[in-house]
Amino acid sequence: MFHNNQLNIYSTINSGQYFLWENRQNIWYGIYEDTVLKISPILDNNRIRYEYDSFPKIEDWEQSVFRLDDNYDQIINEISKKDLTIEKITKQYRGLRIMRQKPIQCIISFLCSSNNNIPRIRLMLRNLSRVFGKTIEWKGDTFHTFPTLAGISSASQAELLQCGLGYRAVYIQNTVKSILNQDVDMKIIEKANYTESKLELMKLCGVGEKIADCILLFSLDKLDAFPIDTWIVKLLQEYLNNILVASPDVKINSKLSPNQYKVISKKIRDHYGKYSGYAQQFLYYSIRERNGRKW
DNA sequence: CGCCAGGGATCTT
DNA sequence: AAGATCCATGGC
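Residues numbered from 1 in each chain as written. Chains lettered and ligands numbered in written order. Predicted model: local features only at pLDDT ≥ 70, side-chain atom pairs only at ≥ 80, totals over all residues. Heavy atoms only, no water.

**Q** Please give an account of the protein's contact with DNA strand B that cites residues and values.
**A** Taken together, 27 residues surround DNA strand B, and among them Gly-16, Asn-116, Ile-118, Lys-234 and Gln-280 come closest. Separating a base nitrogen of DNA strand B from a backbone N or O atom of Gly-16 is a distance of 2.3 Å. One of the backbone nitrogen or oxygen atoms of Asn-116 is found 2.8 Å away from a sugar or linking oxygen of DNA strand B. Going through the elements one at a time, α12 (209–219), α13 (230–244) and α15 (276–290) are the ones with two or more residues in the surface near DNA strand B. Tallied by class, the residues present in the surface near DNA strand B amount to 9 nonpolar, 12 polar and 6 charged. (Near = heavy atom within 4 Å. Polar contact = N/O pair within 3.5 Å; in protein donor to acceptor, adjacent residues only side chain to side chain. Helix = DSSP H or I, 4+ residues; strand = E, 2+ residues; numbered from the N terminus. Nonpolar A, V, L, I, M, F, W, Y, C, P; charged D, E, K, R; others polar.)

Here you go:
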């Protein structure tokens, strides 16, 4: 695949953090709310480099979306020191990065993620965009932008069900309503620290500990957030348990109660420190690779 | 057919 | 505070 030390486009896009990307004729297209992002690999002197474009035009969007302002070398260096597992897989999957999404799109996306698999999450979000987003024509290609809150709020429950959302349709309707009414304050969500922002996020219907952590990490610059999903739990049961959760008071069940989540989350975040989120993304990617992900 | 998927809300013990 | 159940849906 095409990559370098600082950014592996392929693994970063296919690591279950940002669902609205697709590859057409070896070119990547991403939906960034109202904007279509484009990444073209260019063969240049026997090396691959990338050309970034977008419509409507956003100058240097890749700096923000791929977080190129993070000091990647230092982050990898920092988390590598924490244990041998993470040292190994940061080497192995070097170039994997966290992306920075738009908060609203990220909230809706991870509302769709509950008890679900990634191909279906993608399908649901594409359906939502096709039905309630704006159609964009760009150089002969057709795209659908991500719907606005107003756009989604105008949808009937039947229409949402037709997008394949299932029981999550109600979560999305309630969440969109609370944001539009300002029962939940997006200013707090966007400006507050990890703890305060998470508390506010969890007022949203359908947002619990795990989904809140995803939103914090992938759209709100909280690099110390460490989402614990079913795959991470499996990993913890195997061997991280010995490193992190050596105390017998913590038993790891296949499903975590809110309290167990809090206890384990604290231990792990203490262990990996302020870049816990990067560590999590490497761990998640490695276990999905090991299990032969099909997307 | 049963089980699982980047879980959470709700009710029960 | 932990456990059980249900939620809608497609892939295997």
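**Q** Talk me through the protein's contact with DNA strand C; I want residue IDs and the actual numbers.
**A** The immediate surroundings of DNA strand C are formed by Asn-115, Asn-117, Arg-120, Gly-166, Tyr-167, Arg-168, Asn-253, Ser-257 and Asn-259. Atoms of DNA strand C within 4 Å of the protein: sugar and phosphate make up 55%, bases the balance. In this structure, a sugar or linking oxygen belonging to DNA strand C sits 2.9 Å away from a main-chain N or O atom of Tyr-167. Ser-257 is positioned with one of its side-chain polar atoms (N or O) 3.4 Å from a phosphate oxygen of DNA strand C. Broken down by class, the residue content of the surface near DNA strand C amounts to 1 nonpolar, 6 polar and 2 charged.

**Q** A description of the packing of aromatic side chains should follow, citing residues and the corresponding values.
**A** The final tally for this structure, using the stated rule, is 14 aromatic pairs. Summarising the aromatic geometry, the rings of Trp-21 and Trp-61 are spaced 6.5 Å apart at their centres and angled 40° between planes, so their arrangement reads as tilted. Highlighted residues: Trp-21 in strand β1 (residues 21–24) and Trp-61 in helix α2 (residues 61–65), separated in sequence by 40 residues. Per residue, the accessibility class of Trp-21 equals that of Trp-61, and both read buried. With 5.6 Å between their ring centres and 25° between their planes, Phe-110 and Phe-218 make a pair best called stacked. Of the two residues, Phe-110 sits in helix α5 (residues 103–111) while Phe-218 sits in helix α12, which places them 108 residues apart along the sequence. The burial state of Phe-110 is the same as that of Phe-218; both residues are buried. Among the aromatic residues, ring-to-ring pairing joins Tyr-18, Trp-21, Tyr-52, Trp-61 and Phe-66 into one connected group. (Phe/Tyr/Trp six-rings, centres within 6.5 Å; stacked < 30°, edge-to-face > 60°. Buried < 20%, exposed > 50% of the residue type's maximum accessible area, 1.4 Å probe, protein only.)

**Q** Could you give an account of the sheet that holds strand β4 (residues 47–55), naming the residues involved and the relevant values?
**A** Pairing is antiparallel in the open sheet, where 4 strands are placed in the order β1-β2-β3-β4. A single partner strand is all that each edge strand has here, and the edge strands are β1 and β4. Neighbour to neighbour, the strand axes of the sheet diverge by 25° on average, direction disregarded. Strand direction decides the pairing type here: β1 and strand β2 (residues 27–32), joined by 4 bridges, are antiparallel. Bridged to Trp-21 within β2 is Gly-30. (Pairing = 2+ DSSP bridges. Axes fitted to C-alpha atoms, helices over the stretch in contact; angles between N-to-C directions.)

**Q** Which residues make up the environment of Tyr-171, and what values do they have?
**A** Inspection of the secondary structure assignment puts Tyr-171 in helix α9 (residues 168–180). Judged by relative accessible area, Tyr-171 falls into the partly exposed class, the value being 27%. Every residue in contact with Tyr-171, bar those within four places of it in the chain, is listed here: Leu-111, Cys-205 and Gly-206. (Contact = heavy atoms within 4.5 Å.)

**Q** I'd love a proper account of the nonpolar core, names of residues and values included.
**A** Among the nonpolar cores identified, the biggest contains 80 residues, and Ile-108, Leu-125, Leu-165, Leu-201, Ile-228 and Phe-282 are the most heavily contacted of them. Beyond its immediate sequence surroundings of up to four residues, Leu-165 is in contact with Cys-112, Met-124, Leu-128, Leu-160 and Ile-172. Of all hydrophobic cores here, the second largest spans 14 residues; its members include Ile-9, Tyr-18, Trp-21 and Trp-61. (Core = buried A, V, L, I, M, F, W, Y, C linked by side-chain atoms within 4.5 Å.)

**Q** So, the environment of Lys-294: which residues are in play, and what are the values?
**A** If you trace the backbone, Lys-294 turns up in the segment after α15. Classification of Lys-294 by relative accessible area gives exposed; the value is 80%. For the pair Lys-294 and Ile-98, spaced 196 residues apart in sequence, the C-alpha separation works out to 21 Å.

**Q** Which residues make up the pattern of salt bridges, and what are the values?
**A** Inspection of the entire model under this criterion finds 18 salt bridges. A salt bridge links Arg-24 to Glu-22; the nearest nitrogen and oxygen atoms lie 2.9 Å apart. Look at the salt bridges and you will find they share partners, linking Arg-67, Asp-69, Asp-70, Arg-100 and Asp-221 into a network. (Salt bridge = Lys/Arg side-chain N within 4 Å of Asp/Glu carboxyl O.)

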